Amino acid sequence: MGSLNTQEPETGFPTSIKPFEPEEFRRHAHLVIDFIVDYYKNIENYPVRSQVEPGYLWKRVPDSAPNGPEPMEDILRDVRNDIVPGLTHWQSPNFFGYFPSNMSTAGFLGEMLCTAFNTPGFNWITSPASTELENIVMDWIGKMLQLPHEFLFSGGGGGVIQGTTCEAILCTVVAARDRMLQKIGLENITKLVVYASDQTHSAFQKASQIAGIRRENFRAVGTTARNAFSMTPDGLRAAIEADVKAGLVPLFLCPTVGTTSSTAVDPLGPLCDVAKEYGMWVHVDAAYAGSACICPEFRHFLDGVEKTDSFSFNPHKWFFTTMDSCCLWVKDPGSLNDALSTNPEYLKNKASELKCVVDYKDWQICLNRRFRSLKLWLVLRTYGVANMQNFLRRHVGMAKEFECFVRKDTRFEVVVPRNFSTIVFRVSPVGTYPDSTRVFGDQGANELTAKLLESVNESGKVFMTHAVVGGVYVIRVAVGATLTEDRHVNLAWDVVQEHASQMLLTLT
Ligand SMILES: *Cc1c(COP(=O)(O)O)cnc(C)c1O
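Residues numbered from 1 in each chain as written. Predicted model: local features only at pLDDT ≥ 70, side-chain atom pairs only at ≥ 80, totals over all residues. Heavy atoms only, no water.

Overall, the coordinates contain 29 salt bridges when judged by the stated rule. One salt bridge connects Glu277 with Arg237, and the closest N-O pair in it is separated by 2.8 Å. Taken together, the positions of Glu277 in helix α8 (residues 268-277) and Arg237 in helix α7 (residues 233-245) put the pair 40 residues apart, joining distant regions of the chain. Here Glu403 and Arg407 are joined by a salt bridge, their closest N and O atoms 3.2 Å apart. Pair noted here: Glu403 and Arg407 are both in helix α12 (residues 373-408), with a separation of four residues, about one helical turn. One connected set of salt bridges, linked through shared partners, spans Glu111, Asp324, Arg370, Arg372 and Lys375. (Salt bridge = Lys/Arg side-chain N within 4 Å of Asp/Glu carboxyl O. Helix = DSSP H or I, 4+ residues; strand = E, 2+ residues; numbered from the N terminus.)

Right, here's the structure in full:
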């Protein structure tokens, strides 16, 4: 191939090279599928946390794109040799970090279909199936979660699949903001205040900032170990009253079901009772734990959701659906649409003008959108609700097991009681050992726990992450990778014990 130049090439593409050719696609896709199957079969052989140094890839790949075509075999060889070592293997059964980003055969294949059609379904007319399947799937999942009827399309509300929780919250804050500013006047935007607990995910702060809420008007209501790090109605009321007294306007409350640090649950009903006195919008962030609430035994964590304005959870965390997907329901789609709708000439069409269809561009930040409902539809149909519940229960069961291991070992302590499939523990500040009792104090326990975590992760055998709750450094073990089985949880505990023994024994 010649060098890049501005002249028209003398000949067209060689016939074998086209951006898409069905039989070529079949051959390459089979190569890629074989690669993926082998990757999954070998996944336990990789160190879970990538061990590369920053900048490693710059040293391995050419510094500019190839001018001519390269064979798929060569590209896959480089994926194996250069990309895989730089992966932290979130799909490994030994991955217990952050929250899971789990997947499934059905989710994967749904993703393939979504990509195959590659339809940007921004208006109903651009792909009616994309919009209508999303409407239907959102009602299905809403029913699985026993959301109040007003959240469903069939009840006057509705749902939309966003990319992430951050986007979902941003859209609802903007809807609430515009609704409020219509009442109190645009010039009062600086008076708007938003509330959450000090355990709330940073996504809420980011969304509020983007929505134009002043940084100093973001209230993080304090939580304590005594309340298992959930927000109390009294704490919320005190914060609101102080703001009202100062002439500010309470706008938005974002309680969490399943906080990121410790999976704490804010009590929705009592918090809504306070927020509603002030006409606030309440959005529930259940990014991780929302999944579990399709099981009757966990549904009580959503008690009070009927008093809220909107609710979201992430199927791309713990619902066997690949990234990205965040399901958002609102009671009043009109508020969302008022804040987000646009109507340019080049998108005008009869169905939209007759207002007889959902145009999802008016429910989100961007215009273009992927056909995400396909993957959820495949997941739900391939497994069925009962199996989905059982998948989740299995993870919770394994987490219970790990929690038992921790509780039985006097060198450790569970710091916050487990609600779902995540355990939060640390080296005990007063540990009892076979030969002695050692008093490390909180500071000592923090340091030892951090050191233990690093040592465990460096081993590459398992991967866990940390949080600090109430000043206490904790290790979080989030069970939820699709491939995790009992033996992996047992291994995780073995690794923790082994590294703790090494570390604590070398202590003088
Ligand atoms: C993971 C998580 C988020 C962030 O989710 P994104 O989809 O990445 O924006 C927000 N809130 C909670 C409680 C989470 O666990």
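So, about the layout of surface pockets. In this structure, the largest pocket encloses a volume near 1,200 Å³. In terms of lining, the largest pocket is formed by 42 residues, of which the most central are Tyr40, Gln91, Phe108, Thr322 and Met323. By residue number, the principal contributor to the lining of the largest pocket is helix α1 (residues 22-41), which donates nine residues. Looking at the lining of the largest pocket residue by residue, the class counts come to 25 nonpolar, 14 polar and three charged. (1 Å grid on protein atoms, 1.4 Å probe; cavity = no way out; pocket = protein on both sides within 12 Å on 5 of 7 lines; lining within 4 Å. Points joined across faces, edges and corners; volume = space filled by probe spheres on them. Nonpolar A, V, L, I, M, F, W, Y, C, P; charged D, E, K, R; others polar.)

Read from one edge to the other, the open sheet built from four strands follows the order β8-β9-β13-β12, with strand pairing classed as antiparallel. At either end of the open sheet lies a strand with only one pairing partner, and these are β8 (412-416) and β12 (465-469). The sheet shows a mean angle of 45° between the axes of neighbouring strands, taken without regard to direction. As paired elements, strand β9 (residues 422-427) and strand β13 (residues 472-478) share four bridges and run antiparallel to each other. Residue pairing for β13: Phe425 is matched across the bridge by Ile475. Against the sheet, α12 touches β8, β9 and β13, its axis set at about 15° to β9. (Pairing = 2+ DSSP bridges. Axes fitted to C-alpha atoms, helices over the stretch in contact; angles between N-to-C directions. Contact = heavy atoms within 4.5 Å.)

In the vicinity of the ligand lie 13 residues, with Thr165, Cys166, Asp285, Asn314 and Lys317 positioned nearest. Interatomic distance of 2.8 Å between a side-chain N/O atom of Asn314 and an oxygen atom of the ligand. Between an oxygen atom of the ligand and a side-chain N or O atom of Lys317, the distance comes to 2.8 Å. Protein contact buries 86% of the 390 Å² of open area that the ligand shows by itself. Elements with a contribution of two residues or more to the shell around the ligand: α5 (165-184) and α9 (315-318). Broken down by class, the residue content of the shell around the ligand amounts to three nonpolar, eight polar and two charged. (Near = heavy atom within 4 Å. Polar contact = N/O pair within 3.5 Å; in protein donor to acceptor, adjacent residues only side chain to side chain. Areas by Shrake-Rupley, 256 points an atom, 1.4 Å probe, with all protein chains shown as cover.)

In this section: the packing of aromatic side chains. The final tally for this structure, using the stated rule, is 28 aromatic pairs. Seen from their ring centres, Phe301 and Phe420 are 4.8 Å apart, and the 55° between their planes marks the pair as tilted. Here Phe301, found in the loop between β5 (281-285) and β6 (310-313), pairs with Phe420, found in the loop between β8 and β9; they are 119 residues apart in sequence, far enough to count as distant. The exposure classification of Phe301 matches that of Phe420, with both residues buried. Joined through ring pairs, the aromatic side chains of Phe99, Tyr288, Phe298, Phe301, Trp318 and Phe420 make up one cluster. Cation over ring: Arg381 sits above Trp377, and NZ or CZ is 4.7 Å from the ring centre. One Lys or Arg, Arg476, reaches over the ring of Phe99 and ends 4.8 Å from the middle of that ring. (Phe/Tyr/Trp six-rings, centres within 6.5 Å; stacked < 30°, edge-to-face > 60°. Buried < 20%, exposed > 50% of the residue type's maximum accessible area, 1.4 Å probe, protein only. Lys NZ or Arg CZ within 6 Å of the ring centre and 35° of its normal.)

The strands that make up a sheet are held in pairs by hydrogen bonds between backbone atoms, and each pair lies either parallel or antiparallel. If you trace the seven strands from one edge of the open sheet to the other, you get β1-β7-β6-β5-β4-β2-β3, paired in mixed fashion. If you trace the sheet from one side to the other, it starts and ends with β1 (158-162) and β3 (218-221), each paired once. For this sheet, the mean angle separating the axes of adjacent strands, direction not counted, is 25°. For β6 and strand β7 (residues 326-330), the ladder comprises four bridges, and the chain directions are antiparallel. Note that in β7 the partner of Ser312 across the bridge is Leu328. Packed onto the sheet, helix α4 (residues 128-144) meets β1, β6 and β7 and runs at close to 85° relative to β7.

Within this structure's numbering, the places UniProt gives as "modified residue: N6-(pyridoxal phosphate)lysine" (unreviewed entry) are Lys317. Mapped onto the secondary structure, Lys317 falls in helix α9. Ignoring anything within four residues of it in the chain, the contact list for Lys317 reads Phe99, Pro100, Ser101, Asn102, Ala287 and Tyr288. (UniProt positions renumbered as here; feature names shortened; annotations may be inferred.)

On to the side chain of Ser325, then. Of note, Ser325 is situated in the loop between α9 and β7. When sequence neighbours within four positions are dropped, the list of residues in contact with Ser325 reads Ile161, Gln162, Gly163, Asn314, Pro315, His316, Arg372 and Lys375.

Moving on, we get to the packing of α4 against α12. The geometry of α4 relative to α12 is characterised by a closest axis approach of 9 Å and an angle of 45° between their N-to-C directions. Regarding the angle of α4 to α12, the classification is oblique. Relative to α12, α4 is oriented so that their crossing is left-handed. In this structure, α4 contributes Ser130, Leu133, Glu134, Val137, Trp140, Ile141 and Met144 to the contact, and α12 contributes Ser373, Leu374, Leu376, Trp377, Leu380, Arg381 and Val385. Taken together, the residues of the contact of α4 with α12 break down into ten nonpolar, two polar and two charged. (Parallel < 35°, antiparallel > 145°, perpendicular 65-115°, else oblique. Left-handed = near helix turned anticlockwise from the far one by under 90°.)

Within the secondary structure, Asn457 sits in helix α13 (residues 441-458). Judged by its relative accessible area of 4%, Asn457 is buried. In this view, Asn457 contacts Arg49, Val462, Phe463 and Met464; residues no more than four positions away in its chain are not counted.

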